[in-house]
Protein chains: 2
Amino acid sequence: MSATTTIDVVGMTCGHCVSAVTEELSALPGVTDVSVDLVAGGTSPVTVRSEQPLDDAAVAAAVDEAGYELVR
Amino acid sequence: MSATTTIDVVGMTCGHCVSAVTEELSALPGVTDVSVDLVAGGTSPVTVRSEQPLDDAAVAAAVDEAGYELVR
């Protein structure tokens, strides 16, 4: 079983930001891949692939932990 | 003996960028303090304090290593 979660993240400006978000999301249980389409200073779509559907709160917490804001 | 070197660095956009530049410059021999005044997406003044005058090429190489451009 697998799931794909797509979120929008604001506030990322550079590759370091992408790395921070990717690292936090990759640490969630069952996550197999994180892909960020950086829109510097804008809203960046982030696709997270996982073995099972992800908990919304856990995803939001991971983005927050990285220092960015999740657009719901 | 101490020296202060002020340079201008372009291309930094966020705190991660500041960290990367600070880390590289701090690794230069004799450097005691690095202070970055971030102008996101613009030209950011960086002040480097050191025990002795720094080699210009070494400073430029450190900024380049961090992934940014030094304005001469």
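For clarity, every value in this text was computed on a predicted model and none was experimentally measured.

Each value, and the rule that gives it
Residues numbered from 1 in each chain as written. Chains lettered and ligands numbered in written order. Predicted model: local features only at pLDDT ≥ 70, side-chain atom pairs only at ≥ 80, totals over all residues. Heavy atoms only, no water. Contact = heavy atoms within 4.5 Å. Buried area = accessible area lost by both parts, 1.4 Å probe. Salt bridge = Lys/Arg side-chain N within 4 Å of Asp/Glu carboxyl O. Least-squares fit on C-alpha atoms with pLDDT ≥ 70 in both. pLDDT = per-residue confidence, 0-100. Axes fitted to C-alpha atoms, helices over the stretch in contact; angles between N-to-C directions. Helix = DSSP H or I, 4+ residues; strand = E, 2+ residues; numbered from the N terminus. Parallel < 35°, antiparallel > 145°, perpendicular 65-115°, else oblique.

S.K.: Help me understand the interface of chain B and chain A, please; the structure alone is not making it clear to me.
M.R.: One frequent convention defines the size of an interface as the accessible area lost when the parts assemble. In this assembly, 6 residues from chain B lie in contact with 6 residues from chain A. Roughly 410 Å² is buried in total at the junction of chain B and chain A, and carbon and sulfur atoms are behind 64% of that figure. When the buried area of chain B at its contact with chain A is split by residue, Thr13(B), Cys14(B) and His16(B) rank highest and sum to 80% of it. Across the contact surface, chain B and chain A share 0 salt bridges.

S.K.: Help me out: how do you make sense of the relation of the copies chain B and chain A in this one?
M.R.: Both copies of the chain are tied together by a single rotation about an axis and a shift running along it. Between the two copies, chain B and chain A, the superposition gives an RMSD of 0.0 Å; the rotation angle is 180° and the shift along the axis is 0.0 Å. Taken together, the turn and the small shift mark the pair as related by a two-fold rotation axis. Of all interface residues in chain B, 100% are interface residues in chain A too; the two copies therefore contact each other through one and the same surface.

S.K.: Whenever I open this one, the confidence of the model for chain A confuses me. Can you help?
M.R.: Predicted coordinates in areas of low pLDDT are best not read in detail. The pLDDT averaged across chain A works out to 95; a share of 99% of its residues lies at or above 70. For this predicted complex, the interface score ipTM comes out at 0.70, alongside a pTM of 0.81.

S.K.: Please explain the packing of helix H1 (residues 15–26) of chain A against helix H1 (residues 15–26) of chain B as it appears in this structure.
M.R.: A pair of packed helices is captured by two measures, namely the crossing angle of their axes and the spacing between those axes. One way to put it is that H1(A) packs onto H1(B) with a least axis distance of 8 Å and a crossing angle of 105°. Regarding the angle of H1(A) to H1(B), the classification is roughly perpendicular. Note on element contacts: H1(B) touches H1(A) through His16(B), Cys17(B) and Ala20(B), opposite His16(A), Cys17(A) and Ala20(A).

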